Protein chains: 2
Amino acid sequence: MSQIVNRRDLDFVMYEMLHVERLFSAKRYSAYDREAVTQIFDTAQAMAEEIFQPIAALVDAQEPDFVKGKAIVPPQTAQALHAFADAGFFALPFDEEAGGLQAPWFVHTAVGGMFTAANTSVTNYAFLTIAAANLLFEFGSEELKKRVLPRMLAGEWFGTMCLSEPQAGSSLADIRTTATDAGDGLYSIRGSKMWISGGDQDITDNIIHMVLARLPGGPPGTKGLSLFMVPKQQINDDGSMGASNNVRLAGLNHKLGQRGTTNCLLNFGEGGATLGYMIGEPNSGIECMFHMMNEARIGVGHASVMAALAGYLHSADYARNRLQGRRVDQRDPNSPQVPIVEHVDVRRMLMAQKSAVEGAQALCFYCAMLVDQLTVEPNAGRRADLTSLLGLLTPVVKAWPSEHCLEANKWAIQILGGYGYTNDHPVERLYRDNRLNHIHEGTFGIQGLDLLGRKVTADDGVTLNRLTAIIRATISEAANEPLLTEDRVDLTKLVDALEFTTETLLGCKDVALRTANATIYLDAFGHVVIGWLWLWQARIAAQALSNPLSDGERAFYEGKLRACRYFTRHQLPLAHARFDLCASLDDSCLSSCEADFG
Amino acid sequence: MSQIVNRRDLDFVMYEMLHVERLFSAKRYSAYDREAVTQIFDTAQAMAEEIFQPIAALVDAQEPDFVKGKAIVPPQTAQALHAFADAGFFALPFDEEAGGLQAPWFVHTAVGGMFTAANTSVTNYAFLTIAAANLLFEFGSEELKKRVLPRMLAGEWFGTMCLSEPQAGSSLADIRTTATDAGDGLYSIRGSKMWISGGDQDITDNIIHMVLARLPGGPPGTKGLSLFMVPKQQINDDGSMGASNNVRLAGLNHKLGQRGTTNCLLNFGEGGATLGYMIGEPNSGIECMFHMMNEARIGVGHASVMAALAGYLHSADYARNRLQGRRVDQRDPNSPQVPIVEHVDVRRMLMAQKSAVEGAQALCFYCAMLVDQLTVEPNAGRRADLTSLLGLLTPVVKAWPSEHCLEANKWAIQILGGYGYTNDHPVERLYRDNRLNHIHEGTFGIQGLDLLGRKVTADDGVTLNRLTAIIRATISEAANEPLLTEDRVDLTKLVDALEFTTETLLGCKDVALRTANATIYLDAFGHVVIGWLWLWQARIAAQALSNPLSDGERAFYEGKLRACRYFTRHQLPLAHARFDLCASLDDSCLSSCEADFG
């Protein structure tokens, strides 16, 4: 069985739950149908399993080297990414007019997921390139696009996102890198950028950095940031590479995980001019970035789910095959040892993983589908609705998996016991890899402030009300399934708690007190969303089970029912406790002070 | 400020809370008083900070090498342990008659804690040696003790515990290593032992393995296990070292953390006879091991607390010094950035750490004090009471920190953001190191079964009732502190929930159903215990605050009140949810099956 993807579950989410086939009728996606998508998935799975997965341990063990000012990575990284490029996967989500394959975002997401589960470190280079190319496509001049995009979509040149600086990690308002007019439509870029994944490597001849910098005399804070395309090597008018653009690799970070991806401190404009091209309008850098934000944050959440999926599949396989001990009601030491899946606590740890992974995966695809619906929706009003719904769910899809799918990775290690603690198995690496997802693209705390402080309050709860109406509709649809009564009743109570809590918080005019427990609000909010997606899955499963089924299909749907029930009983009550805390306007952290930790 | 110990808090727990000075009046500990203990702590802290802490990153990065059948560790490991030995710390807890310093166990625990916080990998060698020497002291013949103990107490020879085997990790009943009579009081040992920490190293000339093995014809299961002392090099009658004893290093495990401690697969009796000495009676190996179990499990719990303490102290220091962003009610980008401790979510993460670390540390010392009380208690009835109370708390002190102090390490990383994810700071290493504590010395699941399946049910809840009476006494003592009304009321409700849940579980005669959520019961049980210890600490703090105090002292006690309140509000409700689940006799995991994870 594959340890990077559960194709049956993927099909279930896409075609039985979300009915993504409806998108194929849009003109934009008319080249796609289920068969074509299945073929793409087959290709991706085979490549991920045969080329990416086998080198995951290697690129983890052989960290990038800093040699003579350059980052050197194991040659297998380049080989894998060349195969990825040859299959056209860099071009997958791009418009045909840009030379792309114009696939729906959910297809790109699923394909990327398989590679991420197999080897997140190597896959990162591709996703960063696609993100940078996407910015260029959206906001770059036709001239620049013509010169650079084809190289990126062919995987010849990679891309990066250069936002953070040493003194301004999460606080983009404090970015200091400057851009000054250098004539000929060029800008001279000076400053240091920190945490740049793929910031240097020896895989591609050129690297296209997307850099936030400040024009002289602009407004302070994020409103004064502009976006620049800064190539590692200058690019001549004919598209060929020119001289060094003086982007200096100042150091490599040595990380807990995702070690196969270089992570760099870059200095721009050191030892010579670094020239960049403005992308978009002056002082619109943050807006350009926000255009990419939803997709990027779905991507991080999905990467977290994929790390957990790989751990879940591996530990489930182990639990079925590892013999140890006996059931609690069988203590005869002469009886044979049983597979550890027979121990109820091992099944608890598998259920914890399954409910987090398959619940959060459904959320990722739901959001990816919203991205696609948004792309093809002609009606402005409906587009606005989709935009706000996606915006509301974005902090959830980014943050909930990075907390609860990391927890899943913890349980995967635990099932393997001592073996799980060694690098003979991938679960410890997956745990390390996944720890990053809680931090980058906006920390857990920042997502909480985004959700409560911005998304929920911005329209005074209107979008949230639309979401809860959607959730209540799913609850209603499940009303005629007696198997689901408990799950339905309990989810209803939790939606009530979400609404009551939100009302209480919105009624609090002290912004510091209102947002004091925003992270906890986000966590519980995520439970509502995941609980909803579980009830949705369970409803489909219950319906399917009323028909004759093969043993395998019956087991599949029964597993969905049980995971839903697990989530209802084990997880929803924790969210109630968290909502109660938020609704009490608890100030136990707000009223604490530095001296408490002295 | 120290990043391995909070001496003020240590004093608080020992002298204001537990009044360990009462032990000094026992004849056994008459050489000790507060001043002497303080001097020992000063010495330990200085050595831990100056010798152990500076090499923690090094021994993590330079994993032990397997060279020509031997494990090679960085020479700094030996240097640190020689200093530890020279200071007499190997001998600290041993009886004077054995050449020890006869210190109370809590002193040994506190001293070990500082070294563990500084560098758990190197400290492990010492603790394993002390554990092995303890077994030898308790159960070895006078002749053997005379030959071997002085070497171990001087740190010249190290020791190990050889329990697990590749096919029998947690299931000791399935141990296959055999011991056959080889004449002259010797036994020939054959078999493989897995996960042996310190199983080989190039620090000491000899290694004393304590090995569980099976005599021919004995009963099956754990009742047929005997304990043997198996030296790496044979020991001559005069105590000098003889020839190789054919203990073969078959491989080193490459671990997520605690990398400076070798972890070995050892083969006994391969390529020649391996000779061992029986320790204790035939077929009493498990009883001998259980003699050490409480101390060993307190040790693991305490190690987990220490990893979290080091992370907490480091992240608190970082939060006070790292400038980033602005308060939510101050958005002017021209205003200066603030230390991140000003962000309420950072304080939440510090509170989460503080409440777990200082709560669990109090539990470790409470248990260590019980060990000492047990040692000096002349009355058999009171000894029996202390034994059962300690037995009840042992799975809690082992398991609760390994879950919640690991979580604390997660938050330490989060506070440092990207920096926390790099090895420029110790927090990622502490997180990796701490992950082991959930696994070794009995996994989380096994501790749950020990607590509910054995300790609580064995005497039908009598010892538990004694514990809840102790907790209710603390609640009563807090009754005249109006500041603590909320904490007192909420803890009372949780104790009620514990009692109700336990009664329900004990009333369930289906052992599989009763223990199906034993792990979750343990988790919530731990919250009762930690909640109790917090109320206890808060009561002392509230009383202290009624007197005139220096600013520093006032801040110390106010921090205790706030952490108690945090634990009451943020953590106790989660335990309620978990007790409710257990009391419902939830079968959502019990009724699941292998095919659900297919």
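This is a predicted model, so every value here is computed, not measured. (Residues numbered from 1 in each chain as written. Chains lettered and ligands numbered in written order. Predicted model: local features only at pLDDT ≥ 70, side-chain atom pairs only at ≥ 80, totals over all residues. Heavy atoms only, no water.)

Engineer: A description of the UniProt feature "domain: Acyl-CoA oxidase/dehydrogenase middle" (unreviewed entry) in chain A should follow, citing residues and the corresponding values.
Structural biologist: Summarizing the sequence annotation, UniProt attributes the feature "domain: Acyl-CoA oxidase/dehydrogenase middle" (unreviewed entry) to residues 161–268 of chain A in the numbering used throughout. As annotated, residues 161–268 of chain A comprises 0% helix and 50% strand, and the C-alpha atoms at either end are separated by 14 Å. (UniProt positions renumbered as here; feature names shortened; annotations may be inferred. Helix = DSSP H or I, 4+ residues; strand = E, 2+ residues; numbered from the N terminus.)

Engineer: Could you give an account of the interface of chain B and chain A, with specific residues and numbers?
Structural biologist: Facing the 100 residues of chain B at the interface are 100 residues of chain A. Both sides of the chain B and chain A interface together cover about 8400 Å² of buried area, and 58% of this is carbon and sulfur. At the boundary of chain B and chain A, one finds 10 salt bridges. With a closest N to O distance of 2.7 Å, Asp596(B) and Arg562(A) form a salt bridge. For the pair chain B and chain A, the number of links is 52 residue pairs in polar contact (both at pLDDT 80 or more). Looking at which element gives the most residues to the side of chain B that touches chain A, the answer is helix 16 (residues 551–583) of chain B, with 13 residues. (Contact = heavy atoms within 4.5 Å. Buried area = accessible area lost by both parts, 1.4 Å probe. Salt bridge = Lys/Arg side-chain N within 4 Å of Asp/Glu carboxyl O. Polar contact = N/O pair within 3.5 Å; in protein donor to acceptor, adjacent residues only side chain to side chain.)

Engineer: Summarise the packing of aromatic side chains; cite the residues concerned and give the values.
Structural biologist: Applying the stated criterion to the full structure yields 43 aromatic pairs over all chains. On the basis of an interplanar angle of 55 degrees and a centroid distance of 5.4 Å, the ring pair of Phe84(B) and Phe89(B) is categorised as tilted. Judged by relative accessible area, which is 2%, Phe84(B) ranks as buried. Residue classification places Phe89(B) among the buried positions, given a relative accessible area of 3%. Pairwise contacts between aromatic rings join Phe52(A), Phe84(A), Phe89(A), Phe90(A), Phe115(A), Tyr125(A) and Phe158(A) into one cluster. Positioned above the aromatic ring of Phe556(A), the side-chain terminus of Arg8(A) is 4.3 Å from the ring centre. The aromatic ring of Phe137(B) is capped on one face by Lys145(B), whose charged end is 4.7 Å from the ring centroid. (Phe/Tyr/Trp six-rings, centres within 6.5 Å; stacked < 30°, edge-to-face > 60°. Buried < 20%, exposed > 50% of the residue type's maximum accessible area, 1.4 Å probe, protein only. Lys NZ or Arg CZ within 6 Å of the ring centre and 35° of its normal.)

Engineer: Pulling in residues and values, what's your account of the UniProt feature "domain: Acyl-CoA dehydrogenase/oxidase C-terminal" (unreviewed entry) in chain A?
Structural biologist: Listed under "domain: Acyl-CoA dehydrogenase/oxidase C-terminal" (unreviewed entry) in the UniProt record, and renumbered for this structure, are residues 283–448 of chain A. Between the end C-alpha atoms of residues 283–448 of chain A the distance is 26 Å, and the span holds 73% helix and 0% strand.

Engineer: Requested: an account of helix 11 (residues 444–458) of chain A, with residues and values cited.
Structural biologist: Residues and elements named next belong to chain A. Spanning 15 residues, helix 11 covers 20 Å between terminal C-alpha atoms, matching the ideal 21 Å at 1.5 Å per step. A maximum bend of about 30 degrees is found in helix 11 at Leu-451. Buried within helix 11 are the following residues: Phe-444, Gly-445, Gln-447, Gly-448, Asp-450, Leu-451, Leu-452, Val-456 and Thr-457. Positive phi shows up at Asp-460, right after helix 11, with a value of about 55 degrees. (Expected span 1.5 Å × (residues − 1). Bend = angle between axes of the 7 residues up to and from the residue.)

Engineer: Which residues make up the domain arrangement of chain A, and what are the values?
Structural biologist: Residues and elements named next belong to chain A. Each assigned domain of chain A is listed with its residue range as follows: domain 1 (1–14 + 284–442), domain 2 (15–153), domain 3 (159–282) and domain 4 (443–587). Contacts between the two partners involve 34 residues from domain 1 and, on the opposite side, 39 residues from domain 2. Counting each side, the surface lost to burial between domain 1 and domain 2 is near 3200 Å², with a carbon and sulfur contribution of 69%. A per-residue breakdown of the area domain 1 buries against domain 2 is headed by Ile-4, Arg-7 and Met-14, which together make up 23% of the total. Put simply, domain 1 and domain 2 have four salt bridges between them. Between Arg-7 and Asp-42 there is a salt bridge; the shortest N-O distance is 2.8 Å. At the junction of domain 1 with domain 2, the criterion picks out 14 residue pairs in polar contact (both at pLDDT 80 or more). Only helix 1 (7–17), helix 7 (285–321), helix 8 (344–376) and helix 10 (427–435) provide two or more residues apiece to the side of domain 1 that touches domain 2. When residues in the side of domain 1 that touches domain 2 are grouped by element, the largest group, 10 residues, is from helix 8. When grouped by side-chain class, the residues that make up the side of domain 1 that touches domain 2 number 20 nonpolar, six polar and eight charged. (Domains from an automatic or database assignment. Nonpolar A, V, L, I, M, F, W, Y, C, P; charged D, E, K, R; others polar.)

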